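Survey of secondary and tertiary structure
Each chain, written out:
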Amino acid sequence: MTDATDASADTEADDAARPDGGTPAYARNTGEFGVGEVPQEYETGERVTAHRSTGERIVEALTDNKLALAGAVTIVALVLVAVFAPYVAPYGPEQQFGFMQEPMGQSTADVDGDGTTETVTHYLGTDSFGHDILTRIIYGARISMGVALATVAFAFTVGTTLGILAGFYGGWVDSVIMRYIDFQWAFPTIILGVGIIAVMGGLGWLNVVVAIGIAFIDDFARIIRGEVLSIREEEYITAARAVGMGDARIMFKEMLPNAVAPLIVQATLMIPFAILAEAGLSFLGLGVKPTTPTWGLLISDGRQFVSQAWWISVMPGLAIMFTVLAFNTVGDGLRDAFDISEGEVN
Amino acid sequence: MWRYITKRVAHAVLVMWMVATTVFFGLRAVPGGPVRGMLGQEATEEAVARLREDLGLDEPLAVQYVEWMTDLLVGDFGTSITSSEAVGTLVAQAVPKTLSIAAFGVTLGLLVAIPAGVIGATRRNEPADYAATIAAFLGISMPAFFVGILLAVVFGVWLGWFPVVGYTNISEGVVPWLRGIVLPGIAVGLPYAAGVTRMMRSSLIETLDEQYMRTARAKGVGDSVRLYKHAMQNALMPVVTIAGIQLALVLGGTVTVEIVFGIQGLGRLLVDSILERNYPVTQVAILLISGIFVFMNLLVDIAYTAIDPRVRYGGEQA
Amino acid sequence: MATIDVAAERDDGGDPVLEVENLHTQFPTDRGVVRAVDGVDLTIESGEIVGLVGESGSGKSVLAESVVGIVEEPGEIVEGDVRFDGESLLAMSDARRQAVRGGRISMVFQDPMNSLNPTLTVGEQIAETVRLHQDVGESVSLPAELKRKIVGAAKNGDAWRRAIEMLEAVEIPEPEARAADFPHQFSGGMRQRAMIAMALSCEPDLLVADEPTTALDVTIQAQILEELEGLKDEFDTSILLITHDLAVVAETCDRVNVMYAGEIVERAETEALFADPQHPYTQGLIASTPQLDEPDRDLQPIQGNVPDLIDIPYACHFAPRCPEAERECFEIEPEFRPVGDSDAPGDGGTHEAACLRRGPDGERL
Amino acid sequence: MSADTPVGAEPSEDPDSEDPDSVDRDAATPGDDGAADDADPVLSAEGLEKHFEQSDGFLDRLLGTGGTVKAVDGVDLEVREGETLAVVGESGCGKSTLGQALLNLHRPTDGTVRYRGEEITGLSGSAMRPYRRHLQMVFQDPLASLNPRKTVGDIVIGPMEVHDEPSTDPDVTTTAEVRVDGAVTEPVAVSVDDDVDRAVGSVEGVAAVDVEVGPATDGEGIEVDLGEAGAVLAATVDRTADGYEVRISVDASTPDLRRYRAGALLERVGLERGHLDRYPSQFSGGQQQRVGIARALAVEPDLIVADEPVSALDVSVQAQILNLLEELQTELGLSLLFISHDLSVVRQVADRVAVMYLGEIVETAPVDELFAEPRHPYTKSLLSAVPRIDPGDRSDRTVLRGSVPSPIDPPAGCRFHTRCPEVIPGAGWDGDQESFRRAFSFRTRVESGELEPDAVRDRLEAESDASATDETVAARLLETALPGAVDAFPAGVTESLREAGRLVAAGEDDDAAALLRETCPSPCVDEAPRTVETVDAATVACHRVDPDAPGEERVGD
């Protein structure tokens, strides 16, 4: 009997008037098939909607949303390029060639140090110091992506804990954290970043990570607090409290599994903002040290030569654009898969 | 309704007070003290002491704080270290530039984003929708300064329609003023428009599935009336909120775009003051930019009451 | 969009107000085709309240939407016909159909909380219906409507006065003041009354009410059902009342159709159906409904769950849960057959059930 | 209404360190119906109140905005051993808040809650935990009350982990029901360890194990079959001089035991053991509610608070769940607090009924008395409003006018006076009850401030295109707000009603209200009714029933 319906409860036979699971009193005659019994050929297997774990839902989101898949592939490629930069990049980051060569332009230089000069093509041209732009971009990827991921990690941990505490405990804990968030929200990201760097003095990627990291805390905290507040009102949380579960168990065993999806989506969508913020700071000359070639710095270097050699700034700009586009498409794909509304996570 | 507005104004004042306090303490937290920071390592002890004195940094903290607050209220922002001009005048020149770029960016952004969002929602999965979505995606993925550079290269250098550098004051005629802020305005407005378009599209799609839209359909209301009379106002509510929050993108953008187009706005002032360690200017610049942001959001909150009758006319009658 | 004035063409010929014939409405989904309405026949005579009772997932709401013509994407009517006053609705041109919808057929929904547009005053939403379907000489073009929305509608127009009269007819206190209020300032009961006022504002021939009182408390429900019967006569409207509450049907409707898994399984005069229920599902429903005045009898639930409406292989959809199922029940489509004893009070020979094991002696399994 | 979470509950939650189960569960023989008067009620509340602060954040408090929602405002009730007390009322009367306040899911604002005589008001966190194992809850929305990311097994095992179940209970005796196959000739003595009740649930204090003894398949000796329980129990057989001795002992780790108990619970509520590893979204509404019930039974509670358990279900599935609850109650001796808005369901399930209106209990009575002859006017109106299937049962219906007032500032005196069809005329009213009621309803409409004369004036002018004088506006106001004819009243009354109409038309609402308070006073407004204990342990809170209520002798209604 395949029907997953009410298997006859195993109480002893009740009074005859109400056989439980048997034929009800109003039945005029008894048929060949009792309640729940179906002739062989009409067996309809019990249709159970498959349950997909969070991991499966991510895979499914990427496979059936072509844009998101393209984004994911680009990200993986970028990470590989960043990690294996020395092997992938055609030349050394500091190697100098002809100044301000056109993209696809040729220049002669002694590349392999054997005394003879060879002609060399620069796919993306060279900059004002003669560095090959493609190489600089590849090395730049390391810092830009590295800083962005570190920033999001920093903001994610601090912001999420603040958000969960505020959302779960409510009361004065909530209003204190919310006042902090309101205050920090008044500073646009770049302004706060610049301010923190001014206070910390000195350039360098660690300052950038801390500066932007702090600047993103309010975004994470506000969105996670909203998520926790809505989960806290769910009936299964009241049920958990009715069973007698302590706060810690409710927070981490009952709430967190349901908050994971929006957390993942929010993190994915914050990485592009981090990349843009780092590029902004570097462009202002307040980010990393001038020697480290991040994309923002490359654009800033090329600024004076915009009229003669537009490609010096444009090429790293395009690199930023594609990376950010990739993360955005993946973030969007995940958001649809977890059917989280645009208002919840932006 | 007035309760909602007074609450928002009180909230804005509170936030500004907190911003001022943070800037006050942030400045004093500079490693080695603000004066050493300003004069650099080699400055003699006695030069440092003298500067500390005329900046009033030697008085007890509480006195300094009260002084700082009263100065702010009265509008006396102290004098710049490097150029010893009154910070007030410096700022007075810079604010209109930043404001006009930001305002142009926001208005342009909204004028483009709202219709694009509506097209995206009403003609879903048609070419128009794909175009709007792709454009929105690109808009979000490009930093303002990169858009600025692209625009400068294409429209400034190659086509020469617009000036690439500098800002002409409105006093010298509206058209030149406008020509000067078109490129930076677009650079700042594009990411903003992208965000608003996406929100408008998804909010309108959600609104069209609401129960009252099916009632309108059952009443025999025509499609266009249903869209503009019944759906739009409801769909705009979340969009207005997002438009407020995303203003941070615009103001952040002005800082970098001013560098690209060589405009001496607040952003430029802020960055230069930091590089020159000119703290009195830095603190005022940060204060003003946040001030503009909070004020703009206050306007958005008030605009919200016009859109949502539930806020205008309180709770439920028996 | 010129308003085609259909109000004048009301003919009182012999045709029933509504005739649904072998209607099929389906929703293609990735799991298969959901046959929400799987071959339904239904007639409503003028001035009648006809009940359509069934549990959730039986397709009764989809049937209502098909009649009014607001089936949501991707649902569509694939077979059968819906005739209104003898004229097929499906064959009508869009403009004409739109004039009928809201003008001569109107609908009330279940959830009062968001059936009214939160950004328009209640008076305006009713006046809009009047403007659309009655010749009050106020334009319904987009610019005119937008001006009305932004500047505010004229408070002395005919449509606005009609709206106030309708609010008064549904016994909303202080209608003049309430008309200028927004829906969020109304309680649940008052919102549902406003919906009914809107639906009846053009004196439609047919009012489709989809679970109008389910979301309301029992005291408010009593008020609204009492008013509905009064309004039926005052506005000379027939009503299709859709609900899952047997008691509401028993008290309010003249005739009843019992729907299960996309099909109508039994129909009869109300009194006959409850006095002598025939179809095993109807019997099961009545046996499992707790009744206020018969507490001692034990509830006899119908075991199992409502089937998934995606390609049900067996003929009679109730067979797996039916205590009397025979092999033929799974194979032969059960046709409607007279089942009641026609001389019982109020039966009039229209008591029919679609069950092979019921019916006159010859045909019974 | 912002839920009031237990602030400051210490986060460290360690099930093992909770103090030993301080309350000895006297296994009073469950299932003896009716009130065991001497024993303490399982759960009782006196003067229980729960108010919600409307303002959210200190800015609101600063501006003094927002009132307090008096959701539960002074409730006395008790649930006796093995009894089903139903709390019935319309939406917004506070019955759900009451259910949660009793279990300290909302911290009560005032009043006391006792479990078997012991006060548990306002306990939070670990202090409340020992009591929670005796007080469980079933919820209205079958799916929303189950964590979507957890399997049904985890959900049912959850309570066991929190309360360190399954633990052996010294009072529970363990026995074996032995069936010996004929082929076994020698005597078989079966002994059962007394911690076997950890594996097999106890029914009425006894944990029984089914043991089947048959001849061993490989020739000599015997073989013991424990059926399903074999998964967690072991049977050691040793041969003695005069036959066999079989010892049944628990042979499973605690997690396995919990999983086995969870499986048994699922079967007990009509599901299958195989469902342990499924997720809530893979079940129908009725099946999800069964999982909710299994979770509540996991720690063998004394009392279950069921908050509208069947409202979200279809009629046929609803009947399945109601029967299941009834079976479980008789078998396990459960007490049940059944919260519902559906009077027919209450009639089917309850032993005693408490009717709630706007935060207060207006009437309690054994179910048959309450339905046969209700005493409080609200109960009467509620009963008459319920549609009946059988035409024979339909009496004339008294339809209540108006809607439920807001709980932020409930009406003065008796809260039902604004809608009560039997409102008591004050002293000096010489007209009949019906005419008093009509005048009184005009008074409540004026006091509520809903009448807007200038809207009426606009309408009159729109209709007649002539300017409307105060006189015509007053007449129209009276026409709409005063039910029935204006002049069908005793002498002075008609005149003061017209005067009140004119005052309202002139915008003098307060004077109009004051005048009407004089014209048609009523004790129902001046004083809140006392809760009176009537004959058979039923209570009513209404002046009409209170023997020494204030006001003139009552005019026969």
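Residues numbered from 1 in each chain as written. Chains lettered and ligands numbered in written order. Predicted model: local features only at pLDDT ≥ 70, side-chain atom pairs only at ≥ 80, totals over all residues. Heavy atoms only, no water.

1. A few points about the overall build of chain B
What chain B contains, in helices and strands, is 14 helices and zero strands. Scanning chain B from its N terminus toward the C terminus, one meets helices and strands in the order α-α-α-α-α-α-α-α-α-α-α-α-α-α. Projected onto its principal axes, the C-alpha coordinates of chain B cover approximately 85 × 65 × 35 Å. A separation of at least 24 residues holds for 72% of the contacts in chain B among residues at least 6 apart in sequence. Of the roughly 13300 Å² of accessible surface on chain B, 66% is carried by carbon and sulfur atoms. In chain B, the 22 positive side-chain charges and the 24 negative ones have mean positions that sit 15 Å from each other. (Helix = DSSP H or I, 4+ residues; strand = E, 2+ residues; numbered from the N terminus. Contact = heavy atoms within 4.5 Å. Areas by Shrake-Rupley, 256 points an atom, 1.4 Å probe, with all protein chains shown as cover. Lys, Arg positive; Asp, Glu negative; His and termini not counted. Charge placed at Lys NZ, Arg CZ, Asp CG, Glu CD.)

2. Some details on the interface of chain A and chain C
With 25 residues of chain A in contact, the opposing surface of chain C contributes 32 residues. For the pair chain A and chain C, the summed buried surface comes to about 2500 Å²; carbon and sulfur atoms form 51% of the total. One can count zero salt bridges joining chain A with chain C. Split into classes, the residues belonging to the side of chain A that touches chain C amount to nine nonpolar, nine polar and seven charged. (Buried area = accessible area lost by both parts, 1.4 Å probe. Salt bridge = Lys/Arg side-chain N within 4 Å of Asp/Glu carboxyl O. Nonpolar A, V, L, I, M, F, W, Y, C, P; charged D, E, K, R; others polar.)

3. Some points on the interface of chain C and chain D
With 48 residues of chain C in contact, the opposing surface of chain D contributes 47 residues. Summing both sides of the interface, chain C and chain D together bury roughly 4300 Å²; the carbon and sulfur share of this comes to 54%. When residues of chain C are sorted by the area they lose upon contact with chain D, C:E174, C:E251 and C:L292 head the list and together hold 16% of the total. Inspection of the chain C/chain D interface yields two salt bridges.

4. Re the confidence of the model for chain B
When pLDDT is low, close inspection of the predicted coordinates is not appropriate. All names here are of chain B. Averaged over every residue, the pLDDT of chain B is 82; the share at 70 or more is 94%. No element of chain B has a lower mean pLDDT than helix α2 (residues 33-39), at 65, and none a higher one than helix α9 (residues 211-219), at 90. Among the scores for the predicted complex, ipTM is 0.82 and pTM is 0.84. (pLDDT = per-residue confidence, 0-100.)

5. Thoughts on the sheet that holds strand β7 (residues 173-180) of chain D
Residue and element names in this part refer to chain D. Taken in spatial order, the three strands make up an open sheet running β7-β9-β10, and their pairing is mixed. Since the sheet does not close on itself, it has two edges, and those belong to β7 and β10 (222-225), each with one partner. Averaged over all adjacent pairs, the angle separating strand axes in this sheet is 30°, with direction ignored. In the sheet, strand β9 (residues 206-215) pairs with β10 via four bridges, with the strands oriented antiparallel. For G214, the partnering residue across the bridge sits in β10 and is E223. (Pairing = 2+ DSSP bridges. Axes fitted to C-alpha atoms, helices over the stretch in contact; angles between N-to-C directions.)

6. With respect to the pattern of salt bridges
Residue and element names in this part refer to chain C. Summed over the entire model, instances satisfying the criterion amount to 71 salt bridges over all chains. Between E165 and R162 there is a salt bridge whose closest N-O contact spans 3.6 Å. In this pair, E165 and R162 are both assigned in helix α5 (residues 158-169), three residues apart and thus about one turn of the helix distant. Residue class for E165 comes out partly exposed when judged on its relative accessible area of 35%. (Buried < 20%, exposed > 50% of the residue type's maximum accessible area, 1.4 Å probe, protein only.)

7. Topic: unusual backbone geometry
Across the junction of C:E73 and C:P74, the peptide omega takes the value -15°, indicating a cis bond. By the secondary structure assignment, C:P74 is in the loop between α1 (60-68) and β4 (76-84). The phi dihedral of C:A261 is positive, around 50°, even though this residue is not glycine. With respect to the helices and strands, the residue C:A261 is situated in the loop between β9 (255-260) and β10 (263-269). C:A261 sits in the buried class, given a relative accessible area of 1%. In this structure, D:R116 is a non-glycine residue whose phi angle is positive, near 50°. With respect to the helices and strands, the residue D:R116 is situated in the loop between β4 (110-115) and β5 (118-119).

8. Describing the environment of B:T79
All names here are of chain B. Among the structural elements, T79 can be located in the loop between α4 (61-74) and α5 (87-122). Along the sequence, T79 and L288 sit 209 residues apart, while their C-alpha atoms lie 16 Å from each other. Residue contacts for T79: discarding those within four places in its chain leaves E85, A86, V87 and P280.

9. Concerning the pairing of strand β13 (residues 303-307) of chain D
Residue and element names in this part refer to chain D. Taking burial as the measure, the five residues of β13 include five buried ones, the bulk of the element. Residues of β13 alternate between two faces, with L303, V305 and D307 on one and I304 and A306 on the opposite face, all of them buried. Pairing between strand β6 (residues 135-138) and β13: four bridges, direction parallel. Directly across from L135, in β13, lies its bridge partner L303.

10. A closer look at the pairing of strand β14 (residues 335-340) of chain D
Residue and element names in this part refer to chain D. Most of β14 sits out of view: six of its six residues are buried. Going residue by residue along β14, you find S335, L337 and I339 tucked away on one face and L336, F338 and S340 tucked away on the opposite face as well. Taken together, the five bridges between strand β3 (residues 84-88) and β14 define a ladder with parallel strand orientation. Its bridge partner being in β14, V88 is matched across the sheet by S340.

11. Looking at the nonpolar core
Membership of the largest hydrophobic core comes to 156 residues, with the highest contact counts inside it found for A:L284 and B:L204. Of all the elements, helix α13 (residues 279-307) of chain B adds the most residues to this core, at 14 residues. When near neighbours in sequence (up to four residues on either side) are disregarded, A:L284 contacts A:I190, A:V194, B:V255, B:T256, B:I259, B:V271 and B:L275. The next biggest cluster of nonpolar side chains, apart from the first, holds 110 residues, and it includes C:V37, C:A179, C:L200 and C:A250. (Core = buried A, V, L, I, M, F, W, Y, C linked by side-chain atoms within 4.5 Å.)

12. Here we look at the side chain of C:R162
Given a relative accessible area of 17%, C:R162 falls into the buried group. Setting aside residues no more than four positions away along its own chain, C:R162 makes contact with C:V130, C:Q134, C:L200, C:S201, C:E203 and C:F235.

13. A look at empty space enclosed by the protein
Per the stated rule, a full pass over the model turns up 14 cavities of 30 Å³ or more. As a volume, the largest cavity reaches approximately 860 Å³. Lining the largest cavity are 43 residues, with A:T189, A:F273, B:Q246, B:A248 and B:L249 positioned closest to its centre. Sorting elements by how many residues they give to the lining of the largest cavity places helix α9 (residues 247-283) of chain A first, with seven residues. Here the lining of the largest cavity is composed, by residue class, of 25 nonpolar, eleven polar and seven charged. (1 Å grid on protein atoms, 1.4 Å probe; cavity = no way out; pocket = protein on both sides within 12 Å on 5 of 7 lines; lining within 4 Å. Points joined across faces, edges and corners; volume = space filled by probe spheres on them.)

14. A look at the UniProt feature "domain: ABC transmembrane type-1" (unreviewed entry) in chain B
Per the UniProt record, the feature "domain: ABC transmembrane type-1" (unreviewed entry) sits at residues 95-300 of chain B. Within the segment residues 95-300 of chain B, helix and strand shares are 83% and 0% respectively, and the terminal C-alpha atoms sit 20 Å apart. (UniProt positions renumbered as here; feature names shortened; annotations may be inferred.)

15. Details of the UniProt feature "transmembrane region" (unreviewed entry) in chain B
Residue and element names in this part refer to chain B. The sites that carry the UniProt feature "transmembrane region" (unreviewed entry) are, in the present numbering, residues 12-30, 99-122, 134-162, 174-194, 236-263 and 283-304. A distance of 34 Å separates the end C-alpha atoms of residues 99-122, which is 100% helix and 0% strand. Between the first and last C-alpha atoms of residues 283-304 the distance is 32 Å; the span itself is 100% helix and 0% strand.

16. Looking at the packing of aromatic side chains
For the coordinates displayed, the defined rule picks out 22 aromatic pairs over all chains. Pairing A:F156 with A:F220 gives two aromatic rings, centres 5.5 Å apart and planes at 85°, and the pair type is edge-to-face. Highlighted residues: A:F156 in helix α4 (residues 133-169) and A:F220 in helix α7 (residues 205-232), separated in sequence by 64 residues. For A:F156, a relative accessible area of 26% gives the class partly exposed. Taking the centre distance of 6.1 Å and the plane angle of 80° together, the rings of A:W310 and B:W158 count as edge-to-face. Pair noted here: A:W310 is in the loop between α10 (295-301) and α11 (311-337) and B:W158 is in helix α7 (residues 144-158), and the two residues belong to different chains. These aromatic residues form a ring-pair network of at least three members: A:Y180, A:F183 and A:F187. The aromatic ring of D:Y244 is capped on one face by D:R239, whose charged end is 4.9 Å from the ring centroid. (Phe/Tyr/Trp six-rings, centres within 6.5 Å; stacked < 30°, edge-to-face > 60°. Lys NZ or Arg CZ within 6 Å of the ring centre and 35° of its normal.)

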